[in-house]
Amino acid sequence: MEILALLAEGFATSLSPLNIMIVLIGVTAGLFIGAMPGLGSVNGVAIVLPLTFIVPPSSAIILLAAIYYGAMYGGAVSSILLGIPGASTAVATTFDGRPMAQKGEAGLALIAAAVASFVGGTISVILFTIFAVPLADLALAFGPAEEFALVLMAFTTFVGLGGDDIFKTIVMISLGLVLSTVGLDLISGQPRLIFFDMPGFYSGISFLVLAIGVYGVGEVLYTIETSRTSPAVTPARLSFAELRAGLVRMNRLWRTMSFGSVLGFFVGMLPAAGATPAALMSYGMAKSMSKKPETFGRGNIEGVAAPETANNAASTGSLLPMLTLGIPGSPTTALLLGGMVMWGLVPGPMLFIESPDFVWGLISSLYTANLAAVLINIALIPIFVWALRMPFSVLCAMVLVLCIVGGFAPSQKMHDVWLIAVFGIAGYVLRKADYPLAPLVLALVLGPLMEKSFRQALIGEQGNILVFVERPLSALFVALSVLFFLLPIIKMVARRRSKSTAPAE
């Protein structure tokens, strides 16, 4: 009953005229951002983040969460109409969404994606509401040793579960940690890594500058190079009869959507996982459990519903560890975490005690955003088709202008604008070399917390390094960190052993 009372108070905040307008604006913007190839929730949040300083922190996080939600919906639009995923989270949607469009069922595929996203979002928000308080209560037992071990586990999950090249992932985490130490020492106040003695580095490197550079400018440069021609857009019509028929067909897929929602929510809570592997896992499970697995990849509506429920559920699941533990579950929530710190809020268990209006206003806004997203998504399908025909040169120019203005506005220093340009070129080179960017941003955001908790633990225990394995919770996180770090080696050994024991043909 206490949770229901808190949620009711949250709705009083989220249903204010300002916040309703912000949800509608954020969802609509997110839908277009997600639908545009080369953009996505990370880029959208990074570009819009500087604009949030003109509204209160509660409204700012609601706006960014609405953009995040809308982008997860919108990613399916270009996957179906263009055959190009709007973001990596919509890759699995392309497998059956594009064949459906080629068969003349583009409208049905878009309805399936919208309804499945709504179901996944609704179930995951309910799970979020149930698990938020117990997880926050557990986190109240955390001390500096537990905080350090938890951040360490967040980094090692990228190594063990991330799916990228292990060496490159470690390099990017290390680079992010190095960049996080630029500025003044936490304890002594001595300057560290002040490159060329530039005064701008004394205040450190803002995660916002790095995010806009690598995800905004870098992504634009990479997409300009790789997109030689504009792909053809499959026309999509949507009548009330098609909408009704689509809803009837979706009603038969409740088992697939329920399973995908629960799977996506819990996979999304893992720091290195997020929506992309959740969608791929849900698609694979739906195919394996289907009575007609051979129809997958040829335009099966279930192949659209399964990944869309999972990726939207995962986007909500990734918010849970960010709010309760201060550990982001995805690159986008890493940006949200950094934004909260900039607004003077400290994510973690105390946030539920010190700022309950903020927390429950955000949670209740997820219900509002989910409903708004499905209605706006279905209503604006014809406009999506028109917008996807926009010349990419125009879109690139708009994004670059927003990046420059967004980087300059918070600090009003040209130093940050030059850093954005440097990080943009670096992000482009790293993307070309196939280095993952998410560990870099995550390390810059979590680096200061990791250093602070590590030094606090050692100072409190007078240099006893064993403090990290003597406390039960900390020891558990350290053990899991070691397991995640060794997981790729274990997989490689198991793979080789299975090959050696396999009978020769």
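As the structure is a prediction and not an experimental result, all values here were calculated from the model.

Caption draft 1: Main features of the overall build of the chain. Looking only at helices and strands, the chain has 23 helices and two strands in total. Taken over 505 residues, the chain has a buried fraction of 54%. Counted over contacts in the chain with a minimum sequence separation of 6, partners at least 24 positions apart contribute 79%. By element, 69% of the accessible surface of the chain is carried by carbon and sulfur atoms, the whole surface being about 21,900 Å².

Caption draft 2: Looking closely at the packing of helix α8 (residues 166-180) against helix α21 (residues 438-460). Look at α8 against α21: their axes get within 7 Å of each other, and the N-to-C directions meet at 45°. By the angle class used here, α8 and α21 are oblique. Considering how the two elements wind past one another, α8 and α21 form a crossing that is right-handed. The residues of α21 that touch α8, namely those facing T169, M172, I173, L175, G176, L177, L179 and S180, are P439, L440, A443, L444, G447, P448 and M450. A per-class count over the contact of α8 with α21 returns eleven nonpolar, four polar and no charged.

Caption draft 3: Representation of a positive patch on the surface in the model. There is a patch of like positive charges on the surface, built from K491, R495, R496 and K499. Note on placement: R495 falls in helix α23 (residues 472-501). Residue class for R495 comes out partly exposed when judged on its relative accessible area of 47%.

Caption draft 4: Broad picture of the packing of aromatic side chains. Here the structure, examined in full by the defined rule, presents seven aromatic pairs. Measuring from ring centre to ring centre gives 5.4 Å for F195 and F201, while their planes differ by 80°; the resulting arrangement is edge-to-face. On the basis of relative accessibility, which here comes to 6%, the residue F201 falls in the buried class. The interplanar angle of 85° and the centroid separation of 5.2 Å between the aromatic rings of F265 and F266 together place this pair among those described as edge-to-face. You can call F265 buried: its relative accessible area is 0%. Judged by its relative accessible area of 37%, F266 falls in the partly exposed class. Within the aromatic cluster, the residues linked to one another by ring pairs are F131, F265 and F266. For the cation-ring pair, K168 lies above Y435, with the distance from its terminal atom to the ring centre recorded as 5.1 Å.

Caption draft 5: Quick look at the pattern of salt bridges. Tallied over the entire structure, the rule returns five salt bridges. Salt-bridge contacts for R192 lead to D185; the nearest nitrogen and oxygen are separated by 3.2 Å. For the salt bridge of E451 with R455, the shortest nitrogen-to-oxygen distance reads 2.9 Å. Of this pair, E451 and R455 both sit in helix α21, four residues apart, roughly one helical turn. Here the residues in one salt-bridge network are D185, R192, E451 and R455, joined through shared partners.

Caption draft 6: A nonpolar patch on the surface, seen in detail. A contiguous nonpolar surface patch, about 790 Å² in accessible area, is contributed by I166, I170, V482, L483, F485, L486, I489, I490, M492 and V493. For the nonpolar patch, the secondary-structure elements that each account for two or more residues are α8 and α23. On the secondary structure map, I489 appears in helix α23. Judged by its relative accessible area of 45%, I489 is partly exposed.

Caption draft 7: Expanded view of the nonpolar core. If you look at the biggest cluster of nonpolar residues, it comprises 117 residues, and the most contacted ones within it are M340 and L446. Counting 23 residues, the second-largest nonpolar core is a separate cluster that includes A76, L108, A116 and V304.

Caption draft 8: Looking closely at the side chain of N311. For N311, the position within the fold is in helix α13 (residues 302-317). Accessibility expressed as a relative area gives 1% for N311, which makes it buried. Here N312 takes part through its side chain, which lies 2.8 Å from a polar atom of the side chain of N311.

Caption draft 9: How the structure looks around the environment of F358. With respect to the helices, strands and loops of the structure, F358 is situated in helix α17 (residues 356-379). Among the residues examined, F358 registers a relative accessible area of 7% and is labelled buried. If we ignore the near neighbours within four places in the chain, the residues touching F358 are P57, S58, I61, M340, L345 and L351.

Caption draft 10: Quick look at the packing of helix α3 (residues 41-48) against helix α9 (residues 207-226). Between α3 and α9, the least distance of the axes is 9 Å, while the angle of their chain directions is 125°. If you check the angle between α3 and α9, you find them oblique. The chirality of how α3 crosses α9 is left-handed. Residue-level contacts link V42, N43 and A46 of α3 to L208, A211, I212, Y215, G216 and E219 of α9. Residue composition of the contact of α3 with α9, grouped by class: six nonpolar, two polar and one charged.

Caption draft 11: Highlighting α3. Where burial is concerned, most of α3 is hidden: eight out of the eight residues are buried. All buried positions along α3 are accounted for by S41, V42, N43, G44, V45, A46, I47 and V48.

Caption draft 12: Examining α23 more closely. At L486, α23 is bent by approximately 45°, the largest bend along its length, and proline P488 sits one to four residues beyond. Within α23, burial applies to S474, F477, V478, S481, F484, L487 and P488.

Caption draft 13: Focus on the confidence of the model for the chain. Residues at a pLDDT of 70 or more form 88% of the chain, whose mean pLDDT is 79. Averaged pLDDT values over the elements of the chain bottom out at 68 in helix α18 (residues 381-387) and peak at 89 in helix α20 (residues 414-432).

About the cut-offs
Residues numbered from 1 in each chain as written. Predicted model: local features only at pLDDT ≥ 70, side-chain atom pairs only at ≥ 80, totals over all residues. Heavy atoms only, no water. Helix = DSSP H or I, 4+ residues; strand = E, 2+ residues; numbered from the N terminus. Buried < 20%, exposed > 50% of the residue type's maximum accessible area, 1.4 Å probe, protein only. Contact = heavy atoms within 4.5 Å. Areas by Shrake-Rupley, 256 points an atom, 1.4 Å probe, with all protein chains shown as cover. Axes fitted to C-alpha atoms, helices over the stretch in contact; angles between N-to-C directions. Parallel < 35°, antiparallel > 145°, perpendicular 65-115°, else oblique. Left-handed = near helix turned anticlockwise from the far one by under 90°. Nonpolar A, V, L, I, M, F, W, Y, C, P; charged D, E, K, R; others polar. Patch = residues over 30% accessible without salt bridge, like charges linked within 9 Å, V, L, I, M, F, W, Y side chains within 5 Å. Salt bridge = Lys/Arg side-chain N within 4 Å of Asp/Glu carboxyl O. Lys, Arg positive; Asp, Glu negative; His and termini not counted. Charge placed at Lys NZ, Arg CZ, Asp CG, Glu CD. Phe/Tyr/Trp six-rings, centres within 6.5 Å; stacked < 30°, edge-to-face > 60°. Lys NZ or Arg CZ within 6 Å of the ring centre and 35° of its normal. Core = buried A, V, L, I, M, F, W, Y, C linked by side-chain atoms within 4.5 Å. Polar contact = N/O pair within 3.5 Å; in protein donor to acceptor, adjacent residues only side chain to side chain. Bend = angle between axes of the 7 residues up to and from the residue. pLDDT = per-residue confidence, 0-100.

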